[in-house]
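# Examination of the molecular architecture
For reference, the chains in residue letters:
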Amino acid sequence: MKRTAVLALSLLLVTGCSDSSQPTAGPSTIPSSSVPKPTTQPTETPTPTPTPTATPTSCVDAKLKTLTLREQAAQLIMTGISANGMTSSQRPVIQKQKPGGVLLLGNSGSLAHTRAATNAASKAATVKGIKPLMAADQEGGEVQRLKGSGFTRIPAATVQGTWSSEKLTARAKLWAGQLMDAGVNVNLTPVADVVPANLKQRNAPIGSLNREFGNTPGEVGPAVQAFVKGMQAAGVITSVKHFPGIGRVRGNTDFSSGVVDTVTVRGDDDLQPFADGIAAGSEMLMVSTVTYTKIDPANRAVFSPTVIGGMVRGDLGYDGVVITDDVGAAAEVAKVPAGQRATRVIAAGGDIVINGAPGLNATMINALVAKAQQDDAFAAKLTASVRRVLALKEKHGLVAC
């Protein structure tokens, strides 16, 4: 596949640690790259991608000052709970540690039952007038967490991708309205991954589950935009995923380790749908746990300064909230110490750490606090991440000032 570089950037020198936390031999030169042009924009000189997140306000800064360092660190963790409501072991984690986000896992009951579950979790996680982000994976097809009475059964992305943009936006707005009624304000989708047609059945995380909108960037991008706009119209925050793409890998990082992409490059054409989603207003971008050997062979994407600091913040010009794929229960990161999973995400420029294993919550928060106390540069990154998260929350009425 042809790969392009449109907007030349200065060479960046970034050093990083391998997943065994061993330093690399020295700084590596990052190739100049480009901001992919959204498919809906003219083909002439691209304009900078707007940042979808709200600019921090005096309210956000004032609220930030009221939080202890531990409370700030907790704002950067999104903890998984049962979609049917907090279990006896999950409830004390949410109540005591006050994570900034809660993710519904497994399958739920009715919309009314889900609303009761989210209300309880939101109340338990609220700290000093700051409510949690309440998230679910409501893609459709094989990946629809909430599908009891009151929730429309959503077709797979392969079907959604055949619809007109107008139809998909209208349907996404309907689905988003149901999420809001159920107390869910974040939908961790749309999938912006491009799965080449010849890899579909061999691509375990996306293709084999019919999670892709299409097989080319030109097919995927418009559907991503349509989905984002529909969700946004009903007030639901979206997260385009899984940057920089998992459509060319074989293994599923939830269940396999050592998943590697040996094809994708910085400035790859298949990054286009992510740029399209950002241009449409997606307020989060999810980074994968795959290792990309032609981008940063020493680090998984979620731990990579090249991917997050270089490509997301630099090439895409994105200053919104960067969230990880699961680094709690996922097999891909099982051998990485739990505390390091959190600190390395923030050090690389990320903002929210998804933890699908609530028992690891305290370990992750403790590690963030300890590193911030020992490292001023890291502390500054942690504060910047909390500010981005609070700005997003204020925009959606989750911060009381």
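Note that the structure is a prediction, hence the values are computed from the model and not measured.

### Considerations on the nonpolar core
Within soluble globular proteins, side chains that are nonpolar tend to cluster in buried spots. Counting residues in hydrophobic clusters, the biggest one holds 109 residues, and the most contacted among them are Met78, Leu188, Phe243, Met284, Leu285 and Leu382. Not counting residues up to four positions away in its chain, the partners in contact with Met78 are Gly101, Val102, Leu103, Leu133, Ala135, Leu188, Ile323, Ile352, Val353, Ile354 and Asn355.

### Section: the packing of aromatic side chains
With the rule as written, the count across this model stands at four aromatic pairs. Between Trp163 and Trp175 the ring centres are 6.3 Å apart and the planes differ by 45°, which places this aromatic pair in the tilted class. Here Trp163, found in the loop between helix H5 (157-160) and helix H6 (165-181), pairs with Trp175, found in helix H6; they are twelve residues apart in sequence, far enough to count as distant. Pair check on accessibility: Trp163 and Trp175 agree, each one buried. Measuring from centroid to centroid gives 6.2 Å for Trp175 and Phe227, while their planes differ by 45°, and the two rings are tilted. In this pair, Trp175 sits in helix H6 while Phe227 sits in helix H7 (residues 217-233), placing the two residues 52 residues apart along the sequence. Summarising the burial analysis for this pair, Trp175 and Phe227 share the class buried. In this structure an aromatic cluster arises from ring pairing among Trp163, Trp175, Phe213 and Phe227. Between the NZ or CZ atom of Arg171 and the centre of the ring of Trp163, over which it lies, the distance is 5.0 Å. Between Lys371 and the ring centre of Phe378, over which it is positioned, the NZ or CZ distance is 5.6 Å.

### Some words on the packing of helix H1 (residues 58-66) against helix H12 (residues 376-395)
In the contact formed by H1 and H12, the axes pass within 9 Å of each other and the chain directions differ by 125°. By the angle between their directions, the pair H1 and H12 is classed as oblique. In the packing of H1 onto H12, the handedness of the crossing is right-handed. Only Thr383, Val386, Arg387, Leu390, Ala391 and Glu394 of H12 make contact with H1, whose side of the interface consists of Cys59, Val60, Asp61 and Leu64. Across the contact of H1 with H12, the residue classes break down as six nonpolar, one polar and three charged.

### Considerations on H1
Three or more residues of H1 are buried, namely Cys59, Val60, Lys63 and Leu64. Projection of H1 onto a plane perpendicular to its axis shows the buried side chains occupying an angular sector of 135°, all on one side. Away from the buried face of H1 by more than 90 degrees, exposed residues Ser58 and Lys65 are located. Buried positions along H1 lie against helix H2 (69-74) and H12.

### Some remarks on the pairing of strand S11 (residues 284-287)
Burial along S11 is two-sided: the residues Met284 and Met286 and Leu285 and Val287 are all buried. Sheet analysis places strand S9 (residues 237-243) next to S11, joined by three bridges and oriented parallel. Bridge pairing in S11 links Val240 to Leu285. As judged from the four bridges shared by S11 and strand S13 (residues 321-324), these two strands associate in the parallel manner. From the neighbouring strand, Val287 faces S13, where its bridge partner is Thr324.

### Quick look at the pattern of salt bridges
What the rule picks out here adds up to 15 salt bridges. For Glu212, the salt bridge goes to Lys200, with nearest N and O atoms at 2.8 Å. Taken as a pair, Glu212 in the loop between strand S8 (186-187) and H7 and Lys200 in the loop between S8 and H7 lie far apart in primary sequence, twelve residues in all. The exposure class of Glu212 is buried, given its relative accessible area of 2%. For Lys200, a relative accessible area of 18% translates into the label buried. Across the pair Asp319 and Arg388 runs a salt bridge whose closest N-O atoms are separated by 3.2 Å. Of the two residues, Asp319 is situated in the loop between helix H9 (305-315) and S13 and Arg388 in helix H12; the sequence distance between them amounts to 69 residues. Classification of Asp319 by relative accessible area gives partly exposed; the value is 38%.

### Let's talk about unusual backbone geometry
Lys241 connects to His242 through a cis peptide bond whose omega is 0°. Summarising the element assignment, His242 is placed in strand S9. Here the bond from Phe243 into Pro244 is cis, since omega is 0°, no more than 30 degrees from zero. Tracing the backbone shows Pro244 in the loop between S9 and strand S10 (260-261). Located in the positive-phi region is Lys98, a residue other than glycine, with phi close to 50°. Of note, Lys98 is situated in the loop between helix H3 (90-97) and strand S4 (101-105). We classify Lys98 as partly exposed; its relative accessible area is 24%. Here Lys128, not a glycine, exhibits a phi torsion of approximately 50°, which is positive. The topology assignment puts Lys128 in the loop between helix H4 (111-125) and strand S5 (133-136).

Conventions and cut-offs
Starting afresh in each chain, residues are numbered from 1 along the sequence in its written order. In view of the model being predicted, local features appear only for residues whose pLDDT reaches at least 70, and side-chain atom pairs are presented and counted only at 80 or more, with totals across whole chains, interfaces and linings using the full set of residues. Hydrogens and waters are ignored; side-chain quantities use all the structure's heavy atoms. We define a nonpolar core as any set of buried Ala, Val, Leu, Ile, Met, Phe, Trp, Tyr and Cys residues linked to one another through side-chain atoms lying within 4.5 Å. Note on exposure labels: buried denotes an accessible area under 20% of the residue type's maximum, exposed denotes more than 50%, and partly exposed covers the range between, all computed with a 1.4 Å probe on protein chains only. Any two residues whose heavy atoms approach within 4.5 Å at even a single point are treated as in contact. Pairing of aromatic rings covers Phe, Tyr and Trp, the last through its six-membered ring, and needs centres within 6.5 Å; plane angles under 30 degrees mean stacked, over 60 mean edge-to-face, and all others mean tilted. A run of H or I in DSSP becomes a helix once it reaches four residues, and a run of E becomes a strand once it reaches two; helices and strands are each numbered from the N terminus. Our definition puts a charge over a ring when NZ of Lys or CZ of Arg is within 6 Å of the ring centre and also within 35 degrees of the ring normal. To get an axis, fit a line to the C-alpha atoms, keeping to the stretch in contact for a helix; angles then go from 0 to 180 degrees between the N-to-C directions. Oblique is the label for every angle not falling under 35 degrees (roughly parallel), over 145 degrees (roughly antiparallel), or within 65 to 115 degrees (roughly perpendicular). Whether a crossing is left-handed or right-handed is set by the direction in which the near helix is turned from the far one by less than a right angle, anticlockwise for left-handed and clockwise for right-handed. Residues were grouped as follows: Ala, Val, Leu, Ile, Met, Phe, Trp, Tyr, Cys and Pro as nonpolar; Asp, Glu, Lys and Arg as charged; and all remaining residues, including Gly, as polar. Working note: the arc is built from the helix axis to C-beta atom directions. Here, strands pair whenever DSSP counts at least two bridges between them. Salt bridges are counted wherever a side-chain nitrogen of Lys or Arg sits within 4 Å of a carboxyl oxygen of Asp or Glu.

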